[in-house]
Protein chains: 2
Amino acid sequence: MVVCFLAAVLLYVLICRYIDMDFKKGLSVVLACCICVCVVRGQMSESRLSDWVNPLIGTSGMGHTFPGACAPFGIVQLSPDTDTIPHNVDGRYQAGVYGYCAGYRYEDPTIVGFSHIHLSGTGHSDLGDLLIQPQTGELSLNPGTADNPDGGYRSRFSHAKEKASAGYYEVVLDDYGIRAQLTATPRVGIHRYTFPKGADARFILDLAHGIYNYDGKTLWASLRVENDTLLTGYRITNGWARCNYTYFAIALSKPLKSYGYRDRQQPKYSGFWRKFDIYHNFPEMAGRNIVAYFNFDNTETQELTLKVALSAVSTEGALRNLEAEAGGKSFSRLCEDTKQMWDKELGVIKCEGTDDQKAMLYTSLYHTMINPSVYMDVDHRYRGIDGNIHVAEGFENYTIFSLWDTYRALHPLLSFLKPDRNTDMAKSMLAHWQQSVHHILPVWSLMANEGWCMTGYHAVSVLADALAKGAEIDRNVALRAMVATANSPLMTGVEDYKLKGYATYDRDATAASNTLEYSYDDWAVYATAKAAGFDSVAKEFCRRALYYRNVYEPQRGFACPRYGDGRFKEGMDPYQTYNEGFIEGNSWNFSFHVPHDVFGMMRAMGGEKVFRERLDQLFSMDLPEKYYADNEDITADCLVGGYVHGNEPSHHIPYLYAWTSEPWKTQQWVRTIMNRMYRNDIRGLGGNDDCGQMSAWYIFSAMGFYPVCPGSAQYVIGAPYLPYVCVELPGGHSVEILAKGVDDSRRYVKSLRIDGRPYDKLYITHAQLCNAKTIEFEMSDKPNRKRGLQFEAKPYSMTNGDW
Amino acid sequence: MVVCFLAAVLLYVLICRYIDMDFKKGLSVVLACCICVCVVRGQMSESRLSDWVNPLIGTSGMGHTFPGACAPFGIVQLSPDTDTIPHNVDGRYQAGVYGYCAGYRYEDPTIVGFSHIHLSGTGHSDLGDLLIQPQTGELSLNPGTADNPDGGYRSRFSHAKEKASAGYYEVVLDDYGIRAQLTATPRVGIHRYTFPKGADARFILDLAHGIYNYDGKTLWASLRVENDTLLTGYRITNGWARCNYTYFAIALSKPLKSYGYRDRQQPKYSGFWRKFDIYHNFPEMAGRNIVAYFNFDNTETQELTLKVALSAVSTEGALRNLEAEAGGKSFSRLCEDTKQMWDKELGVIKCEGTDDQKAMLYTSLYHTMINPSVYMDVDHRYRGIDGNIHVAEGFENYTIFSLWDTYRALHPLLSFLKPDRNTDMAKSMLAHWQQSVHHILPVWSLMANEGWCMTGYHAVSVLADALAKGAEIDRNVALRAMVATANSPLMTGVEDYKLKGYATYDRDATAASNTLEYSYDDWAVYATAKAAGFDSVAKEFCRRALYYRNVYEPQRGFACPRYGDGRFKEGMDPYQTYNEGFIEGNSWNFSFHVPHDVFGMMRAMGGEKVFRERLDQLFSMDLPEKYYADNEDITADCLVGGYVHGNEPSHHIPYLYAWTSEPWKTQQWVRTIMNRMYRNDIRGLGGNDDCGQMSAWYIFSAMGFYPVCPGSAQYVIGAPYLPYVCVELPGGHSVEILAKGVDDSRRYVKSLRIDGRPYDKLYITHAQLCNAKTIEFEMSDKPNRKRGLQFEAKPYSMTNGDW
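Quick caveat, the model's predicted, so the values are computed rather than measured.

Chemist: Which residues make up the environment of Ser 513 of chain A, and what values do they have?
Modeler: All names here are of chain A. Note that Ser 513 resides in helix H12 (residues 511-532). Separated by 36 residues in the primary sequence, Ser 513 and Arg 549 have C-alpha atoms spaced 12 Å apart. Ignoring sequence-local partners within four residues, the contact set of Ser 513 consists of Gly 581, Phe 582, Ile 583 and Phe 590.

Here it is as structure tokens:
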């Protein structure tokens, strides 16, 4: 630095002499130059999009997000786990478990360790595989408790010494004085631990740790010390993922000094192993409940870097992943590479707005790029739902499809922003179908297992939407898969549904919502079959797409469960979420769930006026607390009146005004929801992010439109949240969305121009959007009550409400 | 039949008319022809070698053989299990378990079911995977007990309705009236069940059953009903094989009517599976302790055939094996194919002798071709000891190497009779070494696991012997593996052994026998290194090969354990098997364990006279019962004097007379041993067959020679047991071994001619044997006391006893 400065001064003196310039005058020129450079550099660093990401958003409250490090769509999410509440005790569900879906709660005082796979924002959980915790001092092989952290390997920590950003996490483990830094490539978690000088250096690898753990969840774990800088192994677990294989390879930055393990469940059969001391420096460890430790010399360097590569295929696969993604690279280089990956992925959207708005937008975008996750080795080999190892020919295989959530906005968003990835996800679903013993598309795809979580067969919506937007998927294969899935007897109530036109409450406790969901999904099959010219399939599913009509009680105009003999459930409480025939939603919200035939739904409710007033009432009602007091998925945080934003079935509702005589009310309510449900804060998410669905809603709404009916290739226009958004589409084309002066008061759309031409409709098609250069909103503090009233302006509806 | 007979009569009448022959005359011609045909057919059927095999030999007493069906060297041994004594209860070893190594005891009254993998003749056990039991009447999903068979799915049976032959087993399950027929290809077990008319038809698949089972041994089992005639699945067990993967595919000859399963250990985590009735007709079963059942229609046909293909790789692999080996073939065709495989493999030896002698010889040959077993799919993919899936390039991969037993005679026998297979076994051992985290050759290879059973590193002997006999193995790679193994610190006491010249009794409870075994193994390394010109290795291991000298107590001339300070164990009881420094053998027997330097051993004992008299004493002593009263491996059945034939360390001892002045005594004792230890009877084996080692000893001895020192390429000549043996060698060359008039009295060799020329030596080399046409023994009822006395006649000895 000093040398550089002296050299620069010398150069300056020489140049001044050469051009014969006054020293002082020259100095001011230099100063100006320096300022320019600094400003430019400042802008450059400001323009690093990954810096806007705040992974701590949602780590408290309902978000269920994790703060750790991951690469875009990677299978590794290396993150601190702050507690390990077992999911049940003596067969009973444990209270408090729900909060630990992501393994981390901001308010917790201790970190148990850093594990490698986390679900982002779910309401049910699993994983937390391969927990690593660095340690000094006395060896401790049990995790300890939050009340008594000294009784185990966990450590206290403080948020003052915690940093989280896209692809990077850092914390100091106060009990040990160890600084932990984490980063990740798609398939490799990288740990850098700096131990205090003079201390022992050790890390614990707890192969029995897990999220939603229970005693015996790990069926088997195995570990080989290949040499003094390489470990390999795997574990098999029986959790939400019924049988989950996690292979690993761990490269160590310095040689092992010694190692060992404890088996907390001594094997009943020890056979001839008794002849060895297998617990100390024996390079082959295995068991049902094992925790290993590894000691290092800490004298020459206090740093220890671990590169932990994962594979669902084999330890060979993990080694290949390690070499391909992290071989020969330093922690810093890998961290920078991952940040650049994030910059590139996030670069799909440029925007203007306040710092908080930008943090919220880019964090949302970040949250849409964690799950689904790439589920294959670098050589394209992956574990299929049939347990066999397949090669993904011509696509990347993905897992973690939370489809009841993500068919709504996440997949449409990816279809728009990352169409190649979304196509690969669709292909992954088709591969799943081909390998499924049930011969159905995924419901909740989880690490080569079917998680069976929630209802409907919404993979058909994802396929229909991708096809409608031009994805290169074999339409015939897709349609075969969609029809097979829609006809599978495994779908609760579907047999009655097919026979009677509705799932019957006699045999299906969530018959009303199931009928509504099936009905929409069937529309997606219908639309796809129609576009492909499969007339008989189209005809059958056209009929089924209208079955929603059968569950609206004519007197009250609410969706209501119905018995096999035709009777509606008497006294159904439309405010009540549970035991009234719906799943995770009450009739007030679910009755709006006919995204494919809004005019038809309007008629089912009693006409436009009833429908519109009911929308108004939904957003402004005062929902008595008893309706959400004991509800995990609905809290005061996630309510706008009786509208539940924190859970998915309602996400499209604010956009339904488009079909009414007061379309402007969408603009009013969407901004209110955004302000209340999305904040740059640890409690900033109004509900479970649900693998990016909540975030995808935010991004669409911030751009000013939303896919109310995926599969229709239409977006219903609301109003932009930000004054400027530019979307860089894959082909190099970009769309600018302008809303000059937009803010909480100027939230209303006065007029709209596309590429300079006035545009009066309330929807925009996918093709229009992808070809437009500018979409210019003129904003106002007063609604334009006349805009979008004519029939031609209305978005898609399967019928006009004529029965 | 009747139609044929009438047609034949008609034809005969017509022919007689046509050739104008008298009817009666003609009749006698026809009769003569018929007799000829019958005789020829009779001879043909008599010449079917597989018919001589009696798989029931050794199924009672000590043999530990199984009666079921298998193909030569196949991984499937489909056999009835008659009981399932858990290997331990509350951590304590269970008495009686030892007898059930093969799953079957002839004296048992019930059959639990038919399982697919069995060890042949071992003294420790595992496997018994995928138990299938056909059933009628009330569904029962637990095995029941021998005392109360009606309490479970097991059935009574009687030996009157049992048939066992090479590749075929049949029995009637009396409780159900079901006839069960079994056959097998190398990778597929085929069951044919004939149910009583009118009954239900069902089979049970118990995925928790096993040999040496315990509660929790099955880590996980999974089963998919792919369609109504195909099941796939796998199970993972933690037994002797620490983690054993058995995948399967089961093709059904008629469609399933219904099915279900019970999980005896209800999962703690049932997740969203609760929404289905997974226990009935749900095509995806899984759990830790599950037993499934499958119901069939029994009205049209009472037969049900199951083809159960195994793989250690994947269900895809199992399906490939199924298709390749059993696709499109009937039970009868497959059974006949397997019999033909046996005829071909057994055809390597033609012989004359009594029926019992032939049964014993061919059954012995059969027993040498069960284990080791081919351990790879038809596409050459296999599971390695590292848990990864490998492709066996240019060889067939084998498992089940009981090397402490089989290096002695089984591998030399295969090296002689089936050199290609033995070469592939050697290559399998090298692959094991390359994949082993311990970087050693196998000790007891068991289904991609190291079983660590018994002592020494005798794989080096197998490699040395194969190389000495010209096997095409990379000599350099082999030597690297041998040296690495001989230096592995895992070998008990080897560090002391290397440092002090003997394993020390302070730190090794079987220090004396270990020293003797290591010393021989080191000779094998030395011999290989010397032949390959690796002088420094040869020099080092030449020294180590003589370390046996360090454990002979000078006063008594017995091998004796020795402490680190040089002292011998005081008062070592040479008759006692346990706690005297030896493993599974007493000093009386183990003191003869220097096969590579018999002259040196002679000196260690006190000279030729002492040595010879001690041999005499060994065979004629009256070993007090207290020395074998509580010993699993030594019983009165397996003793000739104090010589223990039922366990391996002594197998070469009767041949040691060759180095003495009374070589003829070998001829005397070998025949005695053969007569007493090998009988065509259920209790016909004097000890555990040990994966063919006992049988290989018999075959060599029956031919008249034995490989005392594998690796030397010499066989020590005894005397033939049979008057005629012809060995068909792979190249098409055959060797006839003649011993006209040999019987129990004419057991002595008067003279010997090879290809007509007199031959005076007491050994024959591998090359001589493979090139000879006839080896003609002249037998006598009196020993030729002068034969083989000159030094030149003596077999190999590393030294002449000059220290």
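Still more to cover.
Chemist: Outline the side chain of Glu 226 of chain B, listing residues and values.
Modeler: Note that Glu 226 of chain B resides in strand S14 (residues 218-227). Among the polar contacts made by the side chain of Glu 226 of chain B, one reaches the side chain of Thr 232 of chain B at a distance of 2.7 Å. Excluding its chain neighbours within four sequence positions, the residues that come into contact with Glu 226 of chain B are Val 437 and His 439 of chain A together with Leu 231 and Thr 232 of chain B.

Chemist: So what about the nonpolar core? Which residues, and what values?
Modeler: Ranked by internal contacts, the top residues of the largest apolar core, which has 493 residues, are Phe 294, Ile 349 and Met 703 of chain A together with Phe 294, Ile 349 and Met 703 of chain B. Core analysis: the next-biggest nonpolar cluster, separate from the first, contains 16 residues, Ala 286 of chain A together with Leu 219, Ile 236 and Ala 286 of chain B among them.

Chemist: Which residues make up the interface of chain B and chain A, and what are the values?
Modeler: In this assembly, 55 residues from chain B lie in contact with 55 residues from chain A. Between chain B and chain A, the buried area comes to about 4900 Å², and carbon and sulfur atoms account for 53% of it. Sorting the residues of chain B by area buried against chain A places Arg 242, Tyr 269 and Phe 272 of chain B first, and these three jointly supply 17% of that buried surface. Along the contact surface separating chain B from chain A lie zero salt bridges. Secondary-structure elements contributing two or more residues to the side of chain B that touches chain A are S14, strand S15 (230-237), strand S18 (284-287), helix H3 (315-326) and strand S24 (389-391) of chain B. In terms of residues, the side of chain B that touches chain A owes the most to one element, S14 of chain B, which gives five residues. When its residues are assigned to classes, the side of chain B that touches chain A shows 27 nonpolar, 16 polar and 12 charged.

Chemist: Outline helix H3 (residues 315-326) of chain A, listing residues and values.
Modeler: Residues and elements named next belong to chain A. With 12 residues, H3 ought to run about 16 Å at 1.5 Å a step, and its terminal C-alpha atoms sit 16 Å apart, in line with that. Buried residues of H3: Thr 315, Gly 317, Ala 318, Asn 321, Leu 322, Glu 325 and Ala 326, and no others. Buried residues of H3 fall within an arc of 150° about the axis and therefore sit on the same side. Residues of H3 that are exposed and point more than 90 degrees away from the buried face comprise Glu 323 and Ala 324. Next to the buried residues of H3 lie strand S12 (188-194), strand S15 (230-237), strand S16 (244-252), strand S20 (303-311) and helix H4 (331-346). Positive backbone phi, approximately 75°, marks Gly 328, located one or two places after H3.

Conventions and cut-offs
- Residues numbered from 1 in each chain as written.
- Chains lettered and ligands numbered in written order.
- Predicted model: local features only at pLDDT ≥ 70, side-chain atom pairs only at ≥ 80, totals over all residues.
- Heavy atoms only, no water.
- Helix = DSSP H or I, 4+ residues; strand = E, 2+ residues; numbered from the N terminus.
- Contact = heavy atoms within 4.5 Å.
- Polar contact = N/O pair within 3.5 Å; in protein donor to acceptor, adjacent residues only side chain to side chain.
- Core = buried A, V, L, I, M, F, W, Y, C linked by side-chain atoms within 4.5 Å.
- Buried < 20%, exposed > 50% of the residue type's maximum accessible area, 1.4 Å probe, protein only.
- Buried area = accessible area lost by both parts, 1.4 Å probe.
- Salt bridge = Lys/Arg side-chain N within 4 Å of Asp/Glu carboxyl O.
- Nonpolar A, V, L, I, M, F, W, Y, C, P; charged D, E, K, R; others polar.
- Expected span 1.5 Å × (residues − 1).
- Arc of directions from axis to C-beta.

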